[in-house]
Every structure is written in C-alpha cells, then in structure tokens.
Number of protein chains: 2
Amino acid sequence: MGTLDTIKGRTSYRGAYKDAGVPREDLITIMEAGLAAPSGCNKQTTSLIAVDDPALLEKLRNVIQSKLADAPAMICILTQAIPAYGDTCFHVQDYSAAIQNMLLAAVELGYQSCWVEGQVTGADAIGRKMADILGVPADTELVCFLPIGIAADALKYVTKKPFGERAWFNGFRTGA
Amino acid sequence: MGTLDTIKGRTSYRGAYKDAGVPREDLITIMEAGLAAPSGCNKQTTSLIAVDDPALLEKLRNVIQSKLADAPAMICILTQAIPAYGDTCFHVQDYSAAIQNMLLAAVELGYQSCWVEGQVTGADAIGRKMADILGVPADTELVCFLPIGIAADALKYVTKKPFGERAWFNGFRTGA
C-alpha cells in the first residue's frame, strides 16, 4: 500500500480480533519499523518486547483488565529517560515516533492496533506490573502496549476538526 | 512507495536543498498526513503552519541561525498542553506522532526533512521568537520545525544498535 493511503487508513482499533495468530516474521517487521524511527541525538531510548506466548499473554491480560489486550499478540514499548541535548530528554518523542511507525507497519501488513498508554502509565501502575511479569528492570519504564491482530469488527474513525482549523500558511490562523 | 520502504528509507537530512520550491498541494498533503496521526483521547493538540513565503522564511532563518533552516519551505509544529486522560497531557506524544507521519509523507513525495526540536525549545527560546514572527499566541508553543525540500546532497544514515539489542520476544532481553 502507498504510504499516504496507510497513514489515512490507520485508525485506533478497539474491536474484537480474529483468533489467527501473528507470524513472528510480521512481528519482527513491525518492530523493525519502530526501531527505524529517529531518536533525539540518536540515543535510541526505545526498546520493544513482542509477546505471543499464550500463557504470558494471559498473565498480562490479568493485570491490564481491558478488552484492548484481547489480541493474539502485543508489542510492549519500553523507554529510558536518557539526556540527549544538554539536560533535555527526548525519550517521549522517541517512543512516540517508534509507535507511530509500528502502527503504520501493522496496517500495511493487514493488522489493526491501538496506542494504549493512558491505562498503562496511570495511577494503577499497570505498566510496572506488566514490566515485572516480563522481567524489565527498574531503570526501564513500560509505557505503552500495542495489540496486534486481524480485526474481526468494522473499523471506526473518529471525527476530526477540519484542516483549516489546525493548519495554515505563513502565519497563525491565516491562509496567505 | 510502500510504507515499509518509506519507513526504512527515511533519514534525518542535514545537507543542502535544491532551489526548487515546494508546491502548495504537496505541503497540504504533508500536513494532512500529520493531522491524520492519532492523539490522546482525540484532543487534537497539534496544529501546523507551513511557511513558503521567501521574506518570512528569511525572518525565521535570522532567529534560527542554522543551515537546517535553509530549505525552500518549512512546517512549524505548534502544541497546547491540554489534559486528556485525567490530569495527564499527551501533547508531546500527539505532536511526535504527527511529525513522524509528516516525515514519512515528505519522503513519499520525494522530499527530505529533519526533526528540529532541541534547537527550537532550548535555552535560547528560538521557538518563542519564531512564534512571535508567525503571530502564534502565548498559550500555544512552537516546538519544532521541519525543513521541506529536495535534497541536493547524498543521504546519510546513522548507525543504530542491532535489532537484538533493542527488541525481544516474551521477556526482557530474551529471544524465546
């Protein structure tokens, strides 16, 4: 698929997934896409764990407690706040770019996914519970997971503001 | 181009640009790609200003003071820290996903670009100086610009850690 079509076709999928598993080679392709994203001063602060072991997925679902985790595979996103430009860390930018690449790669390969971060890093510390299950050390934070699978339900698209309310030429809210 | 090829082919371009201008329709396509990115709870915290007016580009270059600004067009990224999930803001994630989409769309259309953020948000407050030139109000931050143009020099790719040092299956640093 062309890049622009993939970008426009991607949506946050929250429906059910088909039982079909995700081949390792596809998970690798998706993770390679994530690692191909740029990172501030090339610090490469993002790392990834793909989970396709059914028993391990079940353990993770028990702590996540959301139907968003009911996919045949998931990719967990890990980050370290490493200073890049002076004292400034760009680890949030780094993992966000990696996630966006992975969402697009998943769509390109025929899968659907959803950026699940708020439920992971919220007050319930679900990210740390997931990290403990996966053996992630304390100096590394698990901030997000991406369910990966083939959609069983129809895709839905959110309503967005018109282009002219968010994008302009040569000045703020101008069309010049 | 296929999405995976675009993702792998993208790099941070810091060379010279050809004199050729960037047609408005291409700048619109790139900005549409940015706005198609997801945002936390669909808050759409990112907005964009494309600059292709030569006099305005010159003013911006005078405050940026970097050859990274020497492109025939640039897209400035604006953000607002709007709470999305409880008190948590995802505006950094939002604009980062939008930027990544725009970098890919630019490559797809035959352009090169570079994510310039550290120099913009650093101690010199260049982002605010750029924002003032563009009429951006105080409640909105200009955090990044993307030069857009056709490369005159060869592309360079940074060296990255091997896949196995950043991505694993079913556990931290495991291949199971």
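Refer to the preceding data block for the structure.
None of these values were measured; they are calculated from a predicted model.

Calculation rules
- Residues numbered from 1 in each chain as written.
- Chains lettered and ligands numbered in written order.
- Predicted model: local features only at pLDDT ≥ 70, side-chain atom pairs only at ≥ 80, totals over all residues.
- Heavy atoms only, no water.
- Helix = DSSP H or I, 4+ residues; strand = E, 2+ residues; numbered from the N terminus.
- Rg over C-alpha atoms; globule rule 2.2 N^0.38 Å.
- Contact = heavy atoms within 4.5 Å.
- Lys, Arg positive; Asp, Glu negative; His and termini not counted.
- Charge placed at Lys NZ, Arg CZ, Asp CG, Glu CD.
- Least-squares fit on C-alpha atoms with pLDDT ≥ 70 in both.
- Buried area = accessible area lost by both parts, 1.4 Å probe.
- Salt bridge = Lys/Arg side-chain N within 4 Å of Asp/Glu carboxyl O.
- Polar contact = N/O pair within 3.5 Å; in protein donor to acceptor, adjacent residues only side chain to side chain.
- Pairing = 2+ DSSP bridges.
- Axes fitted to C-alpha atoms, helices over the stretch in contact; angles between N-to-C directions.
- Buried < 20%, exposed > 50% of the residue type's maximum accessible area, 1.4 Å probe, protein only.
- Phe/Tyr/Trp six-rings, centres within 6.5 Å; stacked < 30°, edge-to-face > 60°.
- Lys NZ or Arg CZ within 6 Å of the ring centre and 35° of its normal.
- Arc of directions from axis to C-beta.

Novice: I'd like a rundown of the overall build of chain A, residues and numbers included.
Specialist: Counting secondary structure elements, chain A contains six helices and six strands. N-terminal to C-terminal, the α/β element order of chain A is α-α-β-α-β-β-β-α-α-α-β-β. A globule of 176 residues ought to have a C-alpha radius of gyration of about 16 Å, and chain A, at 17 Å, matches this closely. Based on the C-alpha atoms only, the size of chain A along its principal axes is roughly 60 × 45 × 30 Å. The long-range fraction of contacts in chain A, counting pairs at least 24 apart against all pairs at least 6 apart in sequence, stands at 78%. In chain A, 16 positive and 19 negative side-chain charges are present, and the distance between their average locations comes to 8 Å.

Novice: Can you explain the relation of the copies chain B and chain A? Please cite residues and give values.
Specialist: The two copies are related by a screw operation: chain B maps onto chain A through 180° of rotation and 0.0 Å of translation along the axis, at an RMSD of 0.0 Å. Expressed as a symmetry operation, the mapping of one chain copy onto the other fits a two-fold axis.

Novice: Help me get a handle on the interface of chain B and chain A, residues and values and all.
Specialist: Counting residues at the interface gives 68 residues for chain B, matched by 68 residues for chain A. For the pair chain B and chain A, the summed buried surface comes to about 5,700 Å²; carbon and sulfur atoms form 61% of the total. Considering only the side of chain B, the residues that lose the most area to chain A are B:Arg166, B:Phe169 and B:Asn170, jointly responsible for 13% of the buried surface there. For the pair chain B and chain A, the number of links is two salt bridges. Of the charged contacts, one joins B:Lys8 and A:Glu32 as a salt bridge, the two residues approaching to 3.8 Å between their closest N and O atoms. At the junction of chain B and chain A, the tally comes to 40 residue pairs in polar contact (both at pLDDT 80 or more).

Novice: How would you summarise unusual backbone geometry if you had to cite specific residues and measurements?
Specialist: Residues and elements named next belong to chain A. For Cys41, which is not glycine, the phi dihedral falls at a positive 50°. Along the chain, Cys41 falls in the loop between α2 (24–35) and β1 (46–51). One non-glycine residue with positive phi stands out, namely Ala125, at about 50°. Position of Ala125 relative to the elements: it lies in the loop between α5 (118–121) and α6 (126–134).

Novice: Lay out the sheet that holds strand β5 (residues 141–148) of chain B with the relevant residues and their values.
Specialist: One open sheet holds the four strands; their spatial order is β6(A)-β1(B)-β2(B)-β5(B), and the pairing between them is mixed. Two strands in the sheet have a free side with no partner beyond their single neighbour: β6 (167–169) of chain A together with β5 of chain B. Along the sheet, successive strands turn relative to each other by an average axial angle of 20°, direction set aside. As paired elements, strand β2 (residues 73–79) of chain B and β5(B) share seven bridges and run antiparallel to each other. Within β5(B), the position partnered with B:Ala73 by the bridge is B:Ile148. Strand contacts of helix α2 (residues 24–35) of chain B: β6 of chain A together with β1 (46–51), β2 and β5 of chain B, with the helix running at about 155° to β6(A), the strand carrying the most contacts.

Novice: Describe in detail the pattern of salt bridges, supporting the description with residues and values.
Specialist: It is possible for side chains of opposite charge to pair when their charged atoms get near one another. All names here are of chain A. For the coordinates displayed, the defined rule picks out 10 salt bridges over all chains. As a salt-bridge pair, Arg61 and Asp70 come within 3.8 Å of each other at their nearest N and O atoms. Of the residues examined, Asp70 reaches a relative accessible area of 43% and is grouped as partly exposed. Taken together, the shared-partner salt bridges connect Glu58, Arg61 and Asp70 into one network.

Novice: I'd like a description of the packing of aromatic side chains, backed by residues and values.
Specialist: Summed over all chains, the structure comprises four aromatic pairs over all chains. Residues A:Tyr13 and A:Tyr17 carry aromatic rings whose centres are separated by 5.2 Å and whose planes lie at 70° to one another, so their mutual orientation is edge-to-face. One exposure class covers both A:Tyr13 and A:Tyr17, and it is buried. The lysine or arginine in question, A:Arg24, covers the ring of B:Phe169, its NZ or CZ lying 3.9 Å from the ring centre.

Novice: Hey, could you go over the side chain of B:Arg10 for me, with residue numbers and the actual values?
Specialist: By secondary structure assignment, the location of B:Arg10 is in the loop between α1 (3–9) and α2. Buried charge B:Arg10 goes without a salt bridge, the closest partner of opposite sign being A:Asp94 at 10 Å. Only 3.1 Å separates the side chain of B:Arg10 from the backbone oxygen of A:Ala36, close enough to count as a polar contact. Not counting chain neighbours up to four residues away, the residues in contact with B:Arg10 comprise A:Ala36, A:Ala37, A:Pro38, B:Gln100, B:Leu103, B:Leu104, B:Val107 and B:Tyr157.

Novice: Please set out the pairing of β1(A) residue by residue, giving values where relevant.
Specialist: Counting buried positions along β1(A) gives six out of six residues, so the element sits mostly inside the fold. Residues of β1(A) alternate between two faces, with A:Thr46, A:Leu48 and A:Ala50 on one and A:Ser47, A:Ile49 and A:Val51 on the opposite face, all of them buried. As judged from the three bridges shared by β1(A) and strand β6 (residues 167–169) of chain B, these two strands associate in the parallel manner. Opposite A:Ile49, over in β6(B), you have B:Trp168 as the bridge partner.

Novice: Go over helix α3 (residues 54–64) of chain B, please, and point to the residues and values.
Specialist: Residues and elements named next belong to chain B. Within α3 the residues assigned to the buried category are Leu56, Leu57, Leu60, Arg61 and Ile64. Across the axial projection of α3, the buried residues extend over an arc of 140°, all falling on one side. Immediately beyond the C-terminal end of α3, within one or two residues, lies Gln65, with a positive phi of roughly 55°.

Novice: So what's going on with the side chain of B:Asn101? Which residues, and what values?
Specialist: Here B:Asn101 lies in helix α4 (residues 91–108). Looking at B:Asn101, the relative accessible area reads 0%, which means it is buried. If we skip the residues at most four places from it in the chain, B:Asn101 touches A:Ile7, A:Gln100, A:Leu104, B:Ala33, B:Gly34, B:Ala36 and B:Ala37.

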